[in-house]
Amino acid sequence: MAKKRDRRLAPGSNRSKEIVEPSTEQDQLDNSSSDRRLIIIFVIFFIVSPAISVLVYRIIYSPRPIPMDSFVFQGGPVKADVNYQEILTVLPRVVLEAFPAEFLTKKKQRNKAINLIVTECKDMGYDGIVLESWSRWAAYGILHDPTMRNLALQFIKQLGHALHSESSAKNDKQWLQLVYVIGPPHSEKLQKHDFGLEDLQSLSNAVDGFSLMTYDFSSPQKPGPNAPLKWIRFTLQLLLGTTGNSAQSLAHKIFLGINFYGNDFVVAGGMGGRAIIGRDYLSLLEKHKPVLQWEKNSAEHLFFYSDDNNIKHAVFYPSLLSISMRLREARAWGCGISVWEIGQGLDYFYDLL
């Protein structure tokens, strides 16, 4: 199963600012536009410190036709007939790094943190936040304790209700939103510290969406695919249960994680690896002119090359086919998606969204 780690590329690439909206022409890999589900794209830029970033997501799905006179200005040409309705919702990403045993057991600290977050959203005109805390609480070992786990869940609920009591500055009919980051399981069965079905049901009324980090399956110690499709399907089954389960009604709140970055692993002559983005991938293709291979079990493309020191590498990087299959899986479950991150992929990736 997936290793617990944080090897994702640090946000900050200027490419995310240069992305132009994809054309409205339907991609050949997309069988039908009629079954489009709610697709949410997270665009993350770190600000102030590595603990906080601005997260922007765009709602692609539109239930009714867009007027032909719709326009979006993109710092240059004007594009007509835009195929989405509302433009951008901005949520800062907040990571709780306080010692949880002290933070969660003290009511004053919990209330202070909640008030600070709500006030910041109102003052800055944010539309809510994306909260990341579960993985850190698990690292501290508090989620094995039923009392501490309950306090953790209660804090998330309290924060969600506090945000929902305030309206967005841009739309007084929309409350401030809470998106919560959750990780995949690290074994074939859910462990005590894993976020599971009961947690999802417990938080469903307080949380607007759950960003599921279904990437970083492999590591330099165990090179392999970034996010095997079978593993993604297994993770969703653990979280949502089987067909007919009551949790299936919550699938629309799950944002399936899709990586737009890849990995370059050393597979012979040593150990190591690094995350790569689009420009790195293109540079490797140009320099080594490798043969792309399709790995059926993981549903990912890869290629091999030898570097200047004759050390063999394996490169796993997303392709139109691999992304299309994961979008299809998200639609089948009724999930949205979360992308890590806009600007790290190849330009034509956006034609699929």
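Our structure is the block above this text.
Criteria and thresholds
- Residues numbered from 1 in each chain as written.
- Predicted model: local features only at pLDDT ≥ 70, side-chain atom pairs only at ≥ 80, totals over all residues.
- Heavy atoms only, no water.
- Core = buried A, V, L, I, M, F, W, Y, C linked by side-chain atoms within 4.5 Å.
- Buried < 20%, exposed > 50% of the residue type's maximum accessible area, 1.4 Å probe, protein only.
- Helix = DSSP H or I, 4+ residues; strand = E, 2+ residues; numbered from the N terminus.
- Contact = heavy atoms within 4.5 Å.
- Pairing = 2+ DSSP bridges.
- Axes fitted to C-alpha atoms, helices over the stretch in contact; angles between N-to-C directions.
- Parallel < 35°, antiparallel > 145°, perpendicular 65-115°, else oblique.
- Left-handed = near helix turned anticlockwise from the far one by under 90°.
- Nonpolar A, V, L, I, M, F, W, Y, C, P; charged D, E, K, R; others polar.
- Expected span 1.5 Å × (residues − 1).
- Arc of directions from axis to C-beta.
- Phe/Tyr/Trp six-rings, centres within 6.5 Å; stacked < 30°, edge-to-face > 60°.
- Salt bridge = Lys/Arg side-chain N within 4 Å of Asp/Glu carboxyl O.

Q: Describe in detail the nonpolar core, supporting the description with residues and values.
A: The biggest cluster of nonpolar side chains holds 68 residues, and the ones touching the most others in it are W137 and Y180. The element contributing the most residues to this core is helix α5 (residues 146-164), with eight residues. Every residue in contact with Y180, bar those within four places of it in the chain, is listed here: L131, S133, W134, W137, I156, F195, V207, G209, F210 and S211. Counting ten residues, the second largest nonpolar core, distinct from the first, contains V130, V179, F255 and A275.

Q: Can you lay out the sheet that holds strand β13 (residues 300-306) for me, pointing to particular residues and giving the numbers?
A: Read from one edge of the open sheet, five strands run β11-β10-β14-β13-β12, paired in antiparallel fashion. At either margin of the open sheet sits one strand with a lone partner, and together these are β11 (272-276) and β12 (293-295). Neighbour to neighbour, the strand axes of the sheet diverge by 30 degrees on average, direction disregarded. Here five bridges tie strand β10 (residues 262-268) to β11, and the two strands are oriented antiparallel to one another. In the strand pairing of β11, D264 is matched with R274. Its contacts with the sheet put helix α8 (residues 278-288) on β10, β11, β13 and β14 (312-316), and the angle it makes with β13 is roughly 50 degrees.

Q: Go over the environment of G345, please, and point to the residues and values.
A: Looking at where G345 falls in the secondary structure, it is placed in the segment after β15 (336-340). With a relative accessible area of 6%, G345 lands in the buried category. Apart from residues lying up to four places away in sequence, G345 is in contact with F260, G278, Y317 and Y350.

Q: Residue-level account of the packing of helix α7 (residues 229-240) against helix α9 (residues 320-333), with values.
A: It is the contact of α7 with α9, at a shortest axis distance of 11 Å, that shows an interaxial angle of 20 degrees. Between α7 and α9, the interaxial angle falls into the category roughly parallel. Remark: the crossing between α7 and α9 carries right-handed chirality. When α7 is examined against α9, the residues L229, I232, R233, L236, Q237 and L240 are found in contact with a partner set consisting of M325, R326, E329 and W333. Class assignment for the residues of the contact of α7 with α9 results in six nonpolar, one polar and three charged.

Q: An account of α7 is requested, with residue identities and associated values reported.
A: When the terminal C-alpha atoms of α7 are compared, their 16 Å separation across twelve residues agrees well with the 16 Å that a helix rising 1.5 Å per residue should span. Those residues of α7 lying buried are L229, W231, I232, T235, L236, L239 and L240. Considered in projection along α7, the buried side chains sweep an arc of 160 degrees and stay on one side of the axis. Here the buried face of α7 lies against β7 (177-182), α6 (197-203), β8 (209-212), β9 (254-259) and α9. Where α7 ends, the next residue or the one after it, G241, has phi of about 80 degrees, a positive value.

Q: I'd like to hear about the pairing of β13, residue by residue, with values.
A: Within β13, five of the seven residues are buried, leaving the element largely enclosed by the surrounding structure. Pairing of β12 with β13, which is carried by three bridges, proceeds in the antiparallel orientation. The residue bridging Q293 from the neighbouring strand is L302, located in β13. Taking the residues that link successive antiparallel strands as the turn, the β12-β13 hairpin has four residues, and the phi of A299 there is positive, at about 60 degrees.

Q: Tell me about the packing of aromatic side chains, and please be specific about residues and values.
A: All chains considered together, the criterion is met by 16 aromatic pairs. Each member of the aromatic cluster is reached from another via a ring pair, and the members are F260, Y281, F303, Y305, Y317, Y348, F349 and Y350.

Q: Break down the pattern of salt bridges for me, citing the residues and quoting the values.
A: Summed over all chains, the structure comprises nine salt bridges. For R93, the salt bridge identified is with E132, shortest N-O distance 2.5 Å. Here R93, found in strand β5 (residues 89-95), pairs with E132, found in strand β6 (residues 128-132); they are 39 residues apart in sequence, far enough to count as distant. In terms of burial, R93 and E132 fall into one category: buried. Between K170 and D127 there is a salt bridge, with the nearest N and O atoms lying 3.1 Å from each other.

Q: Describe the environment of T89, naming the residues involved and giving the relevant values.
A: Structurally, T89 is set in strand β5. Judged by its relative accessible area of 16%, T89 falls in the buried class.

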